[in-house]
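Here are the chains, one letter per residue:
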Amino acid sequence: GENVEQHPSTLSVQEGDSAVIKCTYSDSASNYFPWYKQELGKGPQLIIDIRSNVGEKKDQRIAVTLNKTAKHFSLHITETQPEDSAVYFCAASRAGGTSYGKLTFGQGTILTVHP
Amino acid sequence: ETGVTQTPRHLVMGMTNKKSLKCEQHLGHNAMYWYKQSAKKPLELMFVYNFKEQTENNSVPSRFSPECPNSSHLFLHLHTLQPEDSALYLCASSQEEGGEQFFGPGTRLTVL
């Protein structure tokens, strides 16, 4: 089955700096890579995702890059703000066709943005 | 608001108790999921239902019993749990073909 490794487990940055979280996956057939943000007391919320037919996707201060050959993908947050502080999870799945998208999650990264 | 609600939000139970967790989604999705989230571990998929039919049981002990009466509701019945079952239990839903899952806020379960 799929195995997803996520690093670092904790990340501390100053407000305004950039933050990068990296994940690797094992199943070359995986084609859908979402990133979730989980704030204290809440369930994970999808913040951005990427499919294997593109190499990069941006949404304002958030971007995700995918390297299919190396089987790794990364989350980039620019101009970080204190409200970006949360736990971030990457995930991978085979989506589409008859699949309902079983996600395999990484271990999570605790991001702390200091004012 | 994600459109996925869970009740109760917090639950404390003894090892001999029987309780149930409830999940409801208002998104018109066809697939629903139960996950277990323990400290310092990845989210663990427990069960998957697609069009009310269970399609995945990820080697979950029988003391956890899921029920999906319709595509909008999902239950997790609990009995004779162990302290190591204490965790945050998350429900999610998605469209049949998609990988985009929407999560509820979770139920924080403590087993004494």
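Here the structure is shown first, and the text comes after it.
What counts as what
Residues numbered from 1 in each chain as written. Chains lettered and ligands numbered in written order. Predicted model: local features only at pLDDT ≥ 70, side-chain atom pairs only at ≥ 80, totals over all residues. Heavy atoms only, no water. Phe/Tyr/Trp six-rings, centres within 6.5 Å; stacked < 30°, edge-to-face > 60°. Helix = DSSP H or I, 4+ residues; strand = E, 2+ residues; numbered from the N terminus. Buried < 20%, exposed > 50% of the residue type's maximum accessible area, 1.4 Å probe, protein only. Contact = heavy atoms within 4.5 Å. Buried area = accessible area lost by both parts, 1.4 Å probe. Salt bridge = Lys/Arg side-chain N within 4 Å of Asp/Glu carboxyl O. Polar contact = N/O pair within 3.5 Å; in protein donor to acceptor, adjacent residues only side chain to side chain.

Undergrad: Give a detailed account of the packing of aromatic side chains, specifying residues and quantitative values.
TA: This model, assessed by the stated rule, comprises 12 aromatic pairs over all chains. Plain terms: the ring middles of Phe105 of chain A and Tyr35 of chain B are 5.6 Å apart, the flat faces sit at 90° to each other, and that makes the pair edge-to-face. Of this pair, Phe105 of chain A sits in strand E12 (residues 104–105) while Tyr35 of chain B sits in strand E4 (residues 31–37), placing the two residues on different chains. No difference in accessibility class separates Phe105 of chain A from Tyr35 of chain B, as the two residues are buried. Aromatic pair Phe105 of chain A and Phe103 of chain B: ring centres 6.1 Å apart, planes at 70°, arrangement edge-to-face. Here Phe105 of chain A is found in strand E12, whereas its partner Phe103 of chain B is found in strand E10 (residues 102–103) on a different chain. Residues Phe105 of chain A and Phe103 of chain B agree in their burial class; the two are buried. One aromatic cluster in this structure is built from Tyr36, Phe89 and Phe105 of chain A together with Tyr33, Tyr35 and Phe103 of chain B.

Undergrad: Talk me through the interface of chain A and chain B; I want residue IDs and the actual numbers.
TA: Interfaces are often sized by the accessible area lost when the parts come together. Between chain A and chain B, the contact holds 23 residues from the first and 26 residues from the second. Where chain A abuts chain B, roughly 1700 Å² becomes buried across the two surfaces, and 54% of that area is made up of carbon and sulfur atoms. Where chain A meets chain B, there are zero salt bridges. Where chain A meets chain B, there are three residue pairs in polar contact (both at pLDDT 80 or more).

Undergrad: So what's going on with the side chain of Asp27 of chain A? Residues and values would help.
TA: Residues and elements named next belong to chain A. Relative to the elements of secondary structure, Asp27 occurs in the loop between strand E3 (19–25) and strand E4 (32–38). Separated by 2.9 Å, the side chain of Asp27 and the backbone nitrogen of Ala29 make a polar contact. The residues touching Asp27, leaving out its near neighbours within four places in the chain, are Glu2, Lys71 and Arg94.

Undergrad: If you had to explain the pattern of salt bridges to someone new, which residues and values would you point to?
TA: Counting across every chain of the model gives seven salt bridges over all chains. As a salt-bridge pair, Lys57 of chain A and Asp49 of chain A come within 2.9 Å of each other at their nearest N and O atoms. Taking relative accessible area as the criterion, Lys57 of chain A reaches 34% and is therefore assigned partly exposed. Relative accessible area serves as the criterion here: at 12%, Asp49 of chain A is assigned to the buried category. The closest approach of N and O atoms between Lys41 of chain B and Glu44 of chain B, which form a salt bridge, is 3.5 Å. Because the salt bridges share partners, they merge into one network encompassing Lys37, Glu39 and Lys42 of chain A.

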